[in-house]
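Remarks on the overall topology
Below are the chains, spelled out letter by letter.
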Amino acid sequence: MVFKDPSLKTEAQFRFFAVYSLLFGRIKDTIKPLQMNYYHAQVIGNYHLAMYSTLILSELHLIVGTDLKSLISLINNYLYFLKRTNNKYFYENLDELKNIVVSLNSMQSEQVKINYLPIDETNEFQPMVFTNSIFQIQYAVLMRDINAIPLLLNNLENKDLRTVRAIEINQLVYSAIGAHELYANGHPKKETLKRLAKLFHLLKPIIKNNNPNFHHIALLIKGLKADCKQDSELAIKFLLDAIHAAKKENFIPVVASYNEKIGRLYLKYNAPFEGKNHLLEAVKYFELWNAPKKVNQLKTEFLL
């Protein structure tokens, strides 16, 4: 394939590498090679490759649960590099992510100020809005910002995703939980099931091989669909399996979020003992992730 713009060739090569690593390897085994790509790209002056690496690496660290204080330090290093390259697109993406990480790592209870924007296909910064929506959906779900979730889901659904890249794992997890949170807050069941079915459709080509990076998401979606259909026994079974699958990959924030979700469902099913145990497990994993704001939210809401 011939690329008129060399930067497009770099992007295509990098996206292929990211997708290949994600589909045929474990995320925890891909971070080091991507980190080496970042440093090598700086040495040879291939700043496009380095910039794509910063974006994917930051999101991968969010998935595997790198301690948030350490992640802030990493993002600061990336921002310093991006400032030198004068690239507004990548700098603003990572600056938005840094605000979210700093907020989660803060002891303060107020919401971080996030620039929620609808996607406008005529806007030259539309890709930035899309990428920021991926960061923001995780934050909105974690902090239960219910009013922001519909806009973010629309932003992510309106993008034609023909492949699932590394940066979209968090999108799938938190879009599914976000859609279910809207259902729990009165949104129509039919609309929720449609959203969950669309997310599951993205996973179909991958889950046939029981890919460890995505298997837990398929189980999550099946559990949330079962709850929408009032099948509590099946919902609990799938969510317990989802927790087990995410634990095997050591996806710390994902394990925490799944425990919170199943804890809330147990309370809804009038099983307070099981509910409290899973909420305490969620607190343990959020503490491990160094997210005191989320820990305080759960402890305050459930008197843990």
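All residue numbers refer to positions counted from 1 along the written sequence of the respective chain. The predicted nature of this model means local features are confined to residues of pLDDT at least 70 and side-chain atom pairs, given and counted, to a pLDDT of 80 or more, with totals for whole chains, interfaces and linings taken over all residues. The basis for the side-chain values is all heavy atoms of the structure; hydrogens and waters are excluded.

This part is about the overall build of the chain. Strands are runs of DSSP state E lasting at least 2 residues, helices are runs of H or I lasting at least 4, and numbering of each runs from the N terminus. What the chain contains, in helices and strands, is 14 helices and zero strands. Across the chain, helices and strands are ordered from the amino to the carboxyl terminus as α-α-α-α-α-α-α-α-α-α-α-α-α-α. Relative to its full complement of 304 residues, the chain shows a buried share of 54%. Contacts are residue-level and defined by heavy atoms, with any inter-residue pair within 4.5 Å sufficient. Partitioning the intrachain contacts of the chain with sequence separation of at least 6 by distance along the chain shows that 68% fall at a separation of at least 24. Each residue is assigned to one of three classes by its accessible area relative to the maximum for its type, calculated with a 1.4 Å probe on protein chains only: buried under 20%, partly exposed between the two thresholds, exposed over 50%.

Further remarks concern the pattern of salt bridges. The working definition used for a salt bridge is a side-chain nitrogen of Lys or Arg within 4 Å of a carboxyl oxygen of Asp or Glu. This model, assessed by the stated rule, comprises 11 salt bridges. Residues arginine 264 and glutamate 301 are paired through a salt bridge, measuring 2.9 Å at the closest nitrogen-oxygen approach. Note that arginine 264 is positioned in helix H12 (residues 252-268) and glutamate 301 in helix H14 (residues 292-302), a separation of 37 residues in sequence. On the basis of relative accessible area, arginine 264 is assigned to the buried category, the value being 15%.

Attention now goes to the packing of aromatic side chains. Stacked, edge-to-face and tilted are the three classes for Phe, Tyr and Trp ring pairs, Trp counted by its six-membered ring, which pair at centre distances within 6.5 Å; planes under 30 degrees apart are stacked, over 60 edge-to-face, the rest tilted. On inspection of all chains with the given rule, the structure shows one aromatic pair. Centre to centre, the rings of phenylalanine 286 and tryptophan 289 are 6.4 Å apart; their planes meet at 40°, and the pair counts as tilted. Separated by three residues within a single helix, phenylalanine 286 and tryptophan 289 lie in helix H13 (residues 272-289), roughly one turn from each other. The burial state of phenylalanine 286 is the same as that of tryptophan 289; both residues are buried.

Turning our attention to helix H11 (residues 232-248). Compared with the 24 Å implied by 1.5 Å per residue over 17 residues, the 25 Å span of H11 between its first and last C-alpha is a close match. Within H11 the residues assigned to the buried category are Ala235, Ile236, Phe238, Leu239, Ala242, Ile243, Ala245 and Ala246. Tucked into the core, H11 has its buried residues touching helix H10 (215-228), H12 and H13. Given a helix with a known number of residues, its expected span is that number minus one, times 1.5 Å.

All right, on to the nonpolar core then. For our purposes a nonpolar core is just a set of buried Ala, Val, Leu, Ile, Met, Phe, Trp, Tyr and Cys residues, chained together by side-chain atoms within 4.5 Å. By size, the foremost hydrophobic cluster in this structure holds 91 residues, and its most contacted members are Ile217, Tyr258 and Trp289. Among the elements that make up this core, the one with the highest residue count is helix H3 (residues 47-64) (11 residues). Those residues within four positions of tyrosine 258 in sequence are excluded, and the remaining contacts are Val173, Ile177, His216, Ile217, Leu220, Ala242, Ile243 and Ala246.

This next bit is on empty space enclosed by the protein. In this analysis a 1.4 Å probe is tested at points of a 1 Å grid over the protein atoms alone, and where it fits but cannot get out there is a cavity; an open set with protein on both sides within 12 Å along at least five of seven lines is a pocket; lining residues have an atom within 4 Å of a point. Grid points are joined across faces, edges and corners, and a volume is the space filled by probe spheres set on the points. Counting across every chain of the model gives two cavities of 30 Å³ or more. Empty space within the largest cavity amounts to approximately 60 Å³. In terms of lining, the largest cavity is formed by Val141, Leu142, Arg144, Ile177, Glu181, Ser257, Glu260 and Lys261. Of all the secondary-structure elements, those providing two or more residues to the lining of the largest cavity are helix H6 (126-142), helix H8 (169-184) and H12.

With 18 residues, H13 ought to run about 26 Å at 1.5 Å a step, and its terminal C-alpha atoms sit 25 Å apart, in line with that. When H13 is considered as a whole, its buried residues turn out to be Gly275, His278, Leu279, Ala282, Val283, Tyr285, Phe286 and Trp289. Count one or two residues on from H13 and you reach asparagine 290, which has phi positive near 70°.

Okay, the packing of H11 against H12 next. Put simply, H11 and H12 touch, their axes get as near as 9 Å, and they point 165° apart. In terms of their interaxial angle, H11 and H12 are classed as roughly antiparallel. Judged by the sense of rotation from one axis to the other, the crossing of H11 with H12 is left-handed. Residue-level inspection shows Ile236, Leu239, Leu240, Ala242, Ile243, Ala246 and Lys247 of H11 in contact with H12, the latter providing Val254, Val255, Tyr258, Asn259, Lys261, Ile262, Leu265 and Tyr266. When its residues are assigned to classes, the contact of H11 with H12 shows 12 nonpolar, one polar and two charged. Structural elements are reduced to axes, namely lines fitted to C-alpha atoms, with helices fitted over the stretch in contact, and the angle between N-to-C directions of any two is expressed from 0 to 180 degrees. Geometric relationships in this document are graded by angle, where less than 35 degrees denotes roughly parallel, more than 145 denotes roughly antiparallel, 65 to 115 denotes roughly perpendicular, and other angles denote oblique. Should the near helix be turned anticlockwise from the far one by less than a right angle, the crossing is termed left-handed; should it be turned clockwise, right-handed. Following the grouping adopted for this structure description, the nonpolar residues are Ala, Val, Leu, Ile, Met, Phe, Trp, Tyr, Cys and Pro, the charged ones are Asp, Glu, Lys and Arg, and the polar ones are all others, Gly among them.

For the rest of this paragraph, the subject is unusual backbone geometry. Located in the positive-phi region is arginine 144, a residue other than glycine, with phi close to 55°. Structurally, the position occupied by arginine 144 is in the loop between H6 and helix H7 (149-157). Phi is positive for leucine 303, which is not a glycine, with a value near 55°. Within the secondary structure, leucine 303 sits in the segment after H14. Accessibility expressed as a relative area gives 73% for leucine 303, which makes it exposed.

On to the confidence of the model for the chain. Chain-level statistics for the chain give a pLDDT mean of 81 and a share of 80% at 70 or above. Across residues 1-8 the pLDDT falls below 50, and counting only partners more than four positions away or on other chains, this stretch makes four contacts in the model. pLDDT: the predictor's confidence for each residue, scored from 0 to 100. Segment residues 161-167: pLDDT under 50, and 24 contacts once partners within four positions in sequence are set aside and those in other chains are kept.

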